[in-house]
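Coordinate inspection notes
Single-letter residue listing:
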Amino acid sequence: AMAVATVNLRALTSWVGIARLLAVLLSCLAFSLVASTGDFGGPYGTWCMFTWCLCFAVTLLVLLLELLELYPALPLSWDDFTSAFSMLAALMIFTTSVVFPSTFISSPCSGSKCARQAVATAASCLCFLAYALEVGLTRAKPGDISSFLSTVPGLLKVFEAYVACLIFSLLDGYGSKAGLQWCVAVYSICFIVTFLIIIFTIGRCLSYMPFPLEKMLVGYNALAFLMYLTATVLWPLYSFKDYQRPNSCGKDCRWNKFLGVTFLTIFNLIAYLVDLVYSSRMVFIRTHT
């Protein structure tokens, strides 16, 4: 007897399914229009195209696996994977929607090329909203004993890892100063641990841990928060000391990169603080109910 794949139309007609369909169409529209202009060179253009294509491909795959109900056969936690990916996609598309127009649309802007770039930017912004909607719809309600990555601390883990990647992309010339080397160590250690938590969750490896996961997460979040607190003080202190903003500070100006890292460090500091509050509440409330 042949194995018959059942078709589950709810994968397309539910709100989450509609959000995913929109994301597929909009990301496809964005990269097709940009490809037709032929103007997407350099690291920023490559990043934008990579983001749209990756989100298109993975979300299409998710839709097909849900439509044909093939995902239970995969050796991973499906809810965790789709939650983490929709969060990551929302962050990546958001970044791209800012980076692409600011890098490639010149002002004054006219002609068909400019129109295509503008429509691609609009499609990218709408695609971000589609992923944000999916994150909102799939986020677990407090009290559900559900997949970890669809809870607020889980979504924050994806955000923290992503912000750390943005920080790495801006690091430039921190060589000789011990204070800045410490900051880079903070970004790297926290990124690695956070990334491992995400991978272990998706791969269903967390149940094999020999210690209570929730308590370990509270401890890790507290430590990461304190480490980021030192980086929030030391990074601007050492990077701007005896270094004024140059008069001609273009796209690749080091001063701008230092400023970017300063803001991203603050974002992650806040993220780890919220994460600490949420995860300690989860442990505290769970152990006392």
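Residues numbered from 1 in each chain as written. Predicted model: local features only at pLDDT ≥ 70, side-chain atom pairs only at ≥ 80, totals over all residues. Heavy atoms only, no water.

**Overview of the UniProt feature "transmembrane region" (unreviewed entry) in the protein chain**
As recorded in UniProt, the sites labelled "transmembrane region" (unreviewed entry) are residues 12-35, 47-65, 85-106, 118-137, 179-206, 218-238 and 258-278. The span residues 118-137 is 100% helix and 0% strand, and its two end C-alpha atoms sit 29 Å from each other. The span residues 258-278 shows a helical share of 100% and a strand share of 0%, and its end C-alpha atoms are spaced 30 Å apart. (UniProt positions renumbered as here; feature names shortened; annotations may be inferred. Helix = DSSP H or I, 4+ residues; strand = E, 2+ residues; numbered from the N terminus.)

**Some thoughts on helix α4 (residues 78-104)**
Taking 1.5 Å of rise per residue, the 27 residues of α4 would be expected to cover 39 Å, and the 37 Å separating its terminal C-alpha atoms lies within 8% of that figure. For α4, the buried fraction is high: 19 of the 27 residues fall into the buried class. (Expected span 1.5 Å × (residues − 1). Buried < 20%, exposed > 50% of the residue type's maximum accessible area, 1.4 Å probe, protein only.)

**Side note on the domain arrangement of the protein chain**
Note: interface size is frequently given as the accessible area lost on complex formation between the parts. Taken as a whole, the protein chain is organised into domain 1 (8-148) and domain 2 (151-288). With centres defined by C-alpha atoms, the gap from domain 1 to domain 2 works out at 24 Å. Taken residue by residue, the interface counts 21 residues in domain 1 and 18 residues in domain 2. Across the interface of domain 1 and domain 2, roughly 1,800 Å² is buried in total on both sides, 73% from carbon and sulfur atoms. On the domain 1 side of the interface with domain 2, the three residues burying the most area are M87, L91 and F148, jointly 37% of the side's total. Scanning the region where domain 1 abuts domain 2 turns up 0 salt bridges. Between the two partners, domain 1 and domain 2, sit 4 residue pairs in polar contact (both at pLDDT 80 or more). Broken down by secondary-structure element, the contributors of at least two residues to the side of domain 1 that touches domain 2 are α3 (42-67) and α4. The element best represented in the side of domain 1 that touches domain 2 is α4, accounting for 10 residues. (Domains from an automatic or database assignment. Contact = heavy atoms within 4.5 Å. Buried area = accessible area lost by both parts, 1.4 Å probe. Salt bridge = Lys/Arg side-chain N within 4 Å of Asp/Glu carboxyl O. Polar contact = N/O pair within 3.5 Å; in protein donor to acceptor, adjacent residues only side chain to side chain.)

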